[in-house]
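Observations on the model geometry
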Amino acid sequence: MASHPVTAIIAKDLRLFLRDRFYAFITLLGLGFYVLVFWLLPAAAEPAIPIGLHLPGGEDLLAEALAEEADQGLEVVVFTSRSDLEAAVLAGDEVLAGLDFPAGFLPAVASGRPTTARVLLTGEAPAALHDALSAVVVEVAVAVAGQDPPVTFPEVEELVLGVDRADQVLSWREQLRPLLLLIVLLVEMFALASLVATEIAQRTITAILATPARVRDVLAAKTLLGTALAFSQAVLLAAVTATFTRQAALLLVVLLLGAVLVTGFGLVAGSLGQDFIAIVFWSMVFFVPLVIPAFAMLFPGTPALWIRALPTYGLAETLVRVTGYGEGWAEVWPLLALLAAWGVAAFLLGAGVLGRRVVRV
Amino acid sequence: MARRAVRGQGQVACAWGCGGVHTAGMSPDGEVALRASGLRYAYGDRVAVDGVSFKLAPGEVLGLLGPNGAGKSTTIKMLIGLLPPQAGSIEVLGMAMSQHRSAIQARLGVVFEEKNLYPTLSGRENLAFFARLFGRRDVDLDGLLDRVGLATRGRDRVSGYSKGMRQRLTVARALLNRPDVLVLDEPTDGLDPVSARSIRGLIREEAERGVAVLLTTHDMYEADGLSDRVAFIDQGRILALDTPERLKLRHGQRTVRVRRQVDGAVEESVVTLDGDAGDRLRELVAAEGLLTIHTEEATLEDVFVAFAGRRLE
Ligand SMILES: Nc1ncnc2c1ncn2[C@@H]1O[C@H](COP(=O)(O)OP(=O)(O)OP(=O)(O)O)[C@@H](O)[C@H]1O
Ligand SMILES: [Mg+2]
């Protein structure tokens, strides 16, 4: 009997949702569009990779040597200090990899003395890059020594900064997948917000609360329906984009937690916005920061601290790691915990705001 | 609980203007369907309800009258368990609202001031949803739609209903759970005279079945014809509570409008009656050149104006 009002409200809301042409349209169009974009994108990785160079006293020579590497798709940024180069590689915005030559490199190569150049890579750099950079070192050595190969080839020392994902280049498709999943989840935030807001604006909530149904029934019904709508659409999109090929159970858990998270924010947005414009406004207020982590995932390197502080960071990062790199429970559990904590926080916030809103009827 | 109409023996359910004997507000054995004691509610600094107390007997219709902003709707929100009173208490069917809200609400039927329905659902779907909230799957929805004159429109979406049709649907909703107490905030607001009359008939029928009815209205004619007792409320306080008859006698004036032919011209005069009117009337009838004579009872509107000091629209 206790669950009775909850199922009644869910059935009613599902009917309202399906009759709302705007959200039906957005949902169908969105899903179709994402699937299309996904399959139109190239499946293979095409790196056009910027690399950083540090060669004290030999910048001109470098440019010459690198002109020959242009066909390899390398783009060069010259650094004047070793620490700048290292920082840039680690940050990953400007360059993806670095070549660091020691101060005595040129004379050493010219005179055939042994010397070592360092190749700096981050975890996300493709394996092919390592070979290409090693070739650059040899090119530089050849350029310095003239036509004859130097007696001693310089040693190449490889330094991986951050997590090593050298063999795992992500195609555009794979990079975009987490973004699409996150957007599908977030669009459902609008739909739920609209269901909640119209219930309050039309004062039907007072009619519900004048029956034996309680605020907690309304809250439970909206949360369950919102989560189910977001989750089912994300699962559908994931299935259509062939995402369940690895770590299916883990991925389901991630999407479920993500659905709970957006539902919480949907409750907040719906309780704050009382008409269509206000709903859109509040939903955007939450949408924009929540979608940023997914965009950040498109760029290599560790995102800035403020991005990691956003509620959906755990969701985006876990999606990338699980769908892109096939990581499992053992690797991503801290992120899952973070995501779950944000989910609980969003839900409590939503419940609190809705509760306060309906008390003043 | 014994179901019994409190109106006098031999009275039939009538659609309107039943008039006749009004009971004094309590059934003979003193049963109370609803009791409000010292209710108070303030929105911030604005006191909307300030010490409202009354009793409502099974089968009784109590009209709550008062100007806009008097505190009628706020009182009603407390009575139906939507607003917790800041002072005072509410007892419905022997249960305290503060402890048995859900149990009370299961036996209440409510018409809200706003016509709060789901526009994208049909009238029937609206009713079916609220029936489920009451845990009732056995409701004769079509019969109910028929009672409010929506039999042929039940499957249309409410967004296509006229204002009066929506109003009638909210009345049907209030009857879904066969309530013991009906609380109706302006149930005939926006209805044409025929629809309003049929809704009043419906309210009367429910009262005859023993349902206690509290209603608000701005139609004094309706309040007079429908209510066993009326309460005048202004600025959150009940100023008077009695049968319409006694209120009119006590607070209004009986007058006689006399038209006479005097020296070829028509002269009209209004005479106020007090005490035993018999002698005075005989005197007027005997007057020379009498053309017409009308006795006029005070109306509830006169009483209202006497209390509120302003005339209702
Ligand atoms: N939600 C609210 N917030 C703040 N003040 C309110 C609220 N609802 C009512 N009031 C105030 O409380 C007072 C009583 O309002 P209420 O709605 O109870 O009057 P009413 O008798 O039903 O009037 P009407 O005949 O116009 O329906 C008014 O002064 C009104 O402004
Ligand atoms: Mg009102």
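Just so you know, these numbers come straight off a predicted model, no measurement behind them. (Residues numbered from 1 in each chain as written. Chains lettered and ligands numbered in written order. Predicted model: local features only at pLDDT ≥ 70, side-chain atom pairs only at ≥ 80, totals over all residues. Heavy atoms only, no water.)

Thoughts on the overall build of chain B
For clarity, the cut-off: Numbering of helices and strands runs from the N terminus, with a helix taken as a DSSP run of H or I at least four residues long and a strand as a DSSP run of E at least two residues long. Each residue's exposure class comes from its accessible area (1.4 Å probe, protein chains only) as a fraction of the maximum for that residue type: buried when under 20%, exposed when over 50%, partly exposed otherwise. Using the Shrake-Rupley algorithm and a 1.4 Å probe, accessible areas are obtained, with residue cover drawn only from the displayed protein chains.
Helix and strand counts for chain B come out as 10 helices and 13 strands. Expressed as a percentage of its 313 residues, the buried residues of chain B come to 50%. When the accessible area of chain B is evaluated, it comes to approximately 14,100 Å², of which 47% is carbon and sulfur surface.

Focus: the overall build of chain A
Scanning chain A from terminus to terminus reveals 14 helices and 5 strands. Here chain A has roughly 15,500 Å² of accessible surface; of this, 66% comes from carbon and sulfur atoms.

Digging into the pattern of salt bridges
Stated precisely, the cut-off is as follows: Throughout this description, the term salt bridge denotes a Lys or Arg side-chain nitrogen within 4 Å of a carboxyl oxygen of Asp or Glu.
Scanning the model with the defined rule gives 31 salt bridges over all chains in all. For Glu125(B), the salt bridge goes to Arg19(A), with nearest N and O atoms at 2.8 Å. With one member in each of two chains, Glu125(B) in helix H3 (residues 123-133) and Arg19(A) in helix H1 (residues 4-19) form a pair that bridges those chains. Assessed through its relative accessible area of 19%, Glu125(B) is described here as buried. Where salt bridges share partners, they join Lys12(A), Asp13(A), Glu199(A) and Lys222(A) into one cluster.

Regarding the packing of helix H10 (residues 248-272) of chain A against helix H11 (residues 276-296) of chain A
Residue and element names in this part refer to chain A. Stated formally: Each axis is a line fitted through C-alpha atoms, and for a helix only the stretch in contact is used; angles between axes span 0 to 180 degrees, taken between their N-to-C directions. Throughout this description, any angle smaller than 35 degrees is read as roughly parallel, any larger than 145 degrees as roughly antiparallel, any in the 65 to 115 degree range as roughly perpendicular, and the remainder as oblique. Should any heavy atoms of two residues lie within 4.5 Å, those residues are counted as being in contact. For this scheme, ten residues count as nonpolar: Ala, Val, Leu, Ile, Met, Phe, Trp, Tyr, Cys and Pro. Four count as charged, namely Asp, Glu, Lys and Arg, and the remainder, Gly too, count as polar.
The contact between H10 and H11 brings their axes to 8 Å, and the two run at 150°. Of the possible angle classes, the one that applies to H10 and H11 is roughly antiparallel. Between H10, through Phe-265, Val-268, Ala-269 and Leu-272, and H11, the contact on the second element is made entirely by Trp-282, Ser-283, Phe-286 and Leu-290. Per-class residue counts for the contact of H10 with H11 are 7 nonpolar, 1 polar and no charged.

As for the interface of chain B and chain A
The condition that has to hold: Buried surface area refers to the total accessible area, computed with a probe of radius 1.4 Å, that the two partners give up upon joining, counted for both partners together. Distance and chemistry together define a polar contact, namely a pair of N or O atoms within 3.5 Å, with one atom able to donate a hydrogen and the other to accept it when in protein, and with adjacent residues in sequence counting only for side-chain atoms on both sides.
With 28 residues of chain B in contact, the opposing surface of chain A contributes 27 residues. Carbon and sulfur atoms supply 61% of the area that chain B and chain A bury against each other, a total of about 2,500 Å² over both sides. Interface area lost by chain B to chain A is led by Tyr118(B), Arg132(B) and Leu133(B), which between them contribute 25%. Our count for the contact surface shared by chain B and chain A stands at 3 salt bridges. On the surface where chain B and chain A come into contact, there are 12 residue pairs in polar contact (both at pLDDT 80 or more). Elements represented by at least two residues in the side of chain B that touches chain A include exactly helix H2 (101-105) and H3 of chain B.

A word on the coordination of the magnesium ion (ligand 2)
Residue and element names in this part refer to chain B. Here is the rule: The donor set covers N, O and S atoms within 2.8 Å of the metal, switching to 3.2 Å for Na, K and Ca, and it leaves out water, so a site may look short of donors.
Taken together, Ser-73 (OG) and Glu-113 (OE) make up the full set of protein donors to the magnesium ion (ligand 2), lying 1.9 to 2.2 Å away. Placement of the pair is Ser-73 in helix H1 (residues 72-79) and Glu-113 in the loop between strand E6 (108-111) and H3, with a sequence separation of 40 residues. The exposure class assigned to Ser-73 is buried, which follows from its relative accessible area of 15%. Assessed through its relative accessible area of 36%, Glu-113 is described here as partly exposed.

A few points about the nonpolar core
Under the convention used in this document: Nine residue types can take part in a nonpolar core, namely buried Ala, Val, Leu, Ile, Met, Phe, Trp, Tyr and Cys, and a core is a set of them joined through side-chain atoms within 4.5 Å.
Counting 144 residues, the largest nonpolar core has Ile208(A), Val92(B), Val181(B) and Val213(B) as the members making the most contacts within it. Sort the elements by how many residues they give to this core and helix H7 (residues 172-201) of chain A lands first, with 19 residues. Ile51(A), Leu106(A), Leu121(A) and Leu133(A) belong to the second largest nonpolar core, which has 14 residues in total.

Concerning the site of ligand 1
All names here are of chain B. How we decide: Near residues are defined by distance, with any heavy atom within 4 Å of the molecule or strand qualifying the residue.
Surrounding ligand 1, one finds 14 residues, the nearest of these being Gly-69, Lys-72, Ser-73, Thr-74 and Glu-113. A distance of 2.9 Å separates an oxygen atom of ligand 1 from a polar side-chain atom of Asn-68. Taking 630 Å² as the accessible area of ligand 1 by itself, protein coverage stands at 70%. Breaking the shell around ligand 1 down by element, the ones donating at least two residues are strand E2 (46-56) and H1. Among the elements that take part in the shell around ligand 1, H1 stands out by supplying 3 residues, more than any other. Its residues assigned to classes, the shell around ligand 1 shows 4 nonpolar, 6 polar and 4 charged.

Concerning the packing of aromatic side chains
Residues and elements named next belong to chain B. Keep this limit in mind: Ring pairs shown here join Phe, Tyr and Trp side chains whose ring centres sit within 6.5 Å, with only the six-membered ring taken for Trp; geometry is labelled stacked below 30 degrees between planes, edge-to-face above 60, and tilted in between.
Under the criterion given, the structure shown has 9 aromatic pairs over all chains. Ring centres of Tyr-118 and Phe-130 lie 6.3 Å apart, and the angle between their planes is 25°; on these two criteria the pair is classed as stacked. Note that Tyr-118 is positioned in the loop between E6 and H3 and Phe-130 in helix H3, a separation of 12 residues in sequence. By way of ring pairs, the aromatic residues Tyr-118, Phe-129 and Phe-130 are connected into one cluster.

A few points about the layout of surface pockets
Condition: Here a cavity means grid points, on a 1 Å grid over the protein atoms only, where a 1.4 Å probe fits yet cannot get out; a pocket means an open set of points with protein on both sides within 12 Å along at least five of seven lines; lining residues are those with an atom within 4 Å of a point. Grid points are joined across faces, edges and corners, and a volume is the space filled by probe spheres set on the points.
Volume-wise, the second largest pocket comes out at about 340 Å³. Contributions of two or more residues to the lining of the second largest pocket are made by helix H14 (329-359) of chain A together with strand E4 (87-92) of chain B. Sort the elements by how many residues they give to the lining of the second largest pocket and E4(B) lands first, with 3 residues. When its residues are assigned to classes, the lining of the second largest pocket shows 14 nonpolar, 4 polar and 2 charged.

Observations concerning the packing of helix H5 (residues 163-175) of chain B against helix H6 (residues 193-208) of chain B
Residue and element names in this part refer to chain B. Between H5 and H6, the least distance of the axes is 11 Å, while the angle of their chain directions is 10°. Judged by the angle between their axes, H5 and H6 are roughly parallel. Here H5 contributes Arg-168, Val-171 and Leu-175 to the contact with H6, which in turn contributes Ser-195, Ile-199, Leu-202 and Glu-206. Of the residues in the contact of H5 with H6, the class split is 4 nonpolar, 1 polar and 2 charged.

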